[in-house]
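# Report on the structure
The residues making up each chain are set out below.
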Amino acid sequence: MLKDKSPPDLILNLNCPECKYQDRCRQKAIEKDDLSLLTGMAEKERKKLNSKGIFTVTQLSYTFRPRRRSKRQRDKSEKYHYSLKALAIREKKIHIVGNPEIKIEGTPVSLDVEGLPDRDFYYLIGLRIRKGESIVQHSLWANSTEDEETIWREFIYILRTIDNPILVHYGSFERTFLKKMCERYGEPIEETNLKKSITESVNILTIIYAQIYFPGLSNGLKETAGFLGFNWTDPDC
Ligand code: SF4
């Protein structure tokens, strides 16, 4: 690379969020409308598209062709179409494939967890529950690793007060958290509803993925929420 006269091709990747050059590289990628802006696209797929002369998100958007699914295919989960994502971005429209459904038979409890993966430590459990016309929120903070078990127990205590709670979250981080906490501190095996809510939580992202295409480069919660009219009160968050 050092011997080369020109810099290497700019390809955004999984390390970018940790890199000090991320703002500069992202800006360049946006100027180029580079395919690597589409979060999650594998290198193999990008190279395959490049070999067909497709280098930009806009070029990709013109390749989407809707196809009728056969009866046999209808039972299988939908394949993710980057071309449809690109089309949604170009048209600034939300595209929906099939009839996405969310079945929640119980009391929905929104769950959002924050942690430090490199320290294997969860420091915040956020819960939001609708009670009639009002909303109840809980923010359980752990100041140190020693407090982690305390907030987990508080979390279980709150769930016990809810009739048939169904945990709803966005992404797999919360599911990993629930699994790890059960392994670390023991799962509440004696209570069927509680155990069910922990082991069968609903990941909204798996329903959105491949079925609802928002006109954003990623399926990140903040970006997606923006298309539904929600904004963070702190612009720097
Ligand atoms: S931000 Fe730029 S330099 Fe940093 S990892 Fe991403 S592409 Fe490489």
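Use the structure listed above.
First, a word on scope: everything that follows refers to the structure included in this document. Remember, predicted model here, so these are calculated numbers, not experimental data.

Quick notes on the rules
- Residue positions within a chain follow its written sequence, with the count starting from 1.
- Two thresholds apply to this predicted model, a pLDDT of at least 70 for residue-level local features and 80 or more for giving and counting side-chain atom pairs, whereas whole-chain, interface and lining totals are computed over all residues.
- In computing side-chain properties, one takes all heavy atoms of the structure into account and sets aside hydrogens as well as water.
- The helix and strand labels rest on DSSP assignments: H or I over at least four residues marks a helix, E over at least two residues marks a strand, and numbering proceeds from the N terminus.
- Each patch is built from salt-bridge-free residues with over 30% relative accessible area, joining like charges within 9 Å and nonpolar side chains (Val, Leu, Ile, Met, Phe, Trp, Tyr) within 5 Å.
- The Shrake-Rupley method, run with a 1.4 Å probe sphere, supplies the accessible areas, and residue values consider only the shown protein chains as cover.
- Just to be clear on terms, a salt bridge is a Lys or Arg side-chain nitrogen sitting within 4 Å of an Asp or Glu carboxyl oxygen.
- Counting rule for charge: Lys and Arg are taken as positive, Asp and Glu as negative, and neither His nor the chain ends is counted.
- A charged residue contributes its charge at one atom only: NZ of Lys, CZ of Arg, CG of Asp or CD of Glu.
- Here a residue is considered near a molecule or strand provided that any single heavy atom belonging to it is located within 4 Å of it.
- Lys, Arg, Asp and Glu make up the charged group, whereas Ala, Val, Leu, Ile, Met, Phe, Trp, Tyr, Cys and Pro make up the nonpolar group; the residues left over, Gly among them, are polar.
- Expected span, for any helix, means 1.5 Å times one less than how many residues it has.
- Each residue gets one of three labels from its accessible area relative to the maximum for its type: buried under 20%, exposed over 50%, partly exposed in between, using a 1.4 Å probe on protein chains only.
- What the arc describes is the spread of directions from the helix axis to the C-beta atoms.
- The contact definition used throughout considers only heavy atoms, calling two residues in contact when any of these lie within 4.5 Å.
- Being paired, for any two strands, means DSSP has found at least two bridges between them.
- Fitting a line to C-alpha atoms yields each axis, with helices limited to the stretch in contact; the angle taken between N-to-C directions then spans 0 to 180 degrees.

Our next topic: the overall build of the protein chain. Looking only at helices and strands, the protein chain has 10 helices and seven strands in total. The dimensions of the protein chain, computed from C-alpha atoms along their principal axes, are 60 × 50 × 35 Å.

With that out of the way, let us pick up a positive patch on the surface. On the surface, Lys44, Lys48, Lys52, Arg65, Arg67 and Lys79 cluster together to form a positively charged patch. Relative to the helices and strands, arginine 65 resides in the loop between α3 (57–61) and α4 (71–74).

Turning our attention to the site of the ligand. Looking at the ligand, the residues that line it are Ile11, Asn13, Cys16, Cys19, Tyr21, Gln22 and Cys25. Grouping the amino acids of the shell around the ligand by side-chain chemistry returns five nonpolar, two polar and no charged.

Turning our eyes to something else, we now look at helix α6 (residues 148–160). With 13 residues, α6 should reach 18 Å at 1.5 Å per residue; the first-to-last C-alpha distance of 19 Å fits that figure. Of the positions making up α6, those classed as buried are Glu148, Ile151, Trp152, Phe155, Ile156, Ile158 and Leu159. For α6, the angular spread of buried residues about the axis comes to 160°, placing them on one side. Buried-residue contacts for α6 involve β2 (107–116), β3 (121–131), β4 (134–141), β5 (165–169), α7 (173–185) and α8 (192–199).

On to the sheet that holds β5. Taken in spatial order, the five strands make up an open sheet running β4-β3-β2-β5-β6, and their pairing is mixed. Every interior strand has two partners, whereas the edge strands, β4 and β6 (202–203), have only one. Pairing geometry for β2 and β5, over four bridges, is parallel. Counted as the bridge partner of threonine 107 is proline 165 from β5. Of the strands in this sheet, β2, β3, β4 and β5 are in contact with α6, which crosses β3 at around 15°. Each of β2, β3, β5 and β6 touches α7; the most contacted strand, β2, lies at about 85° to it.

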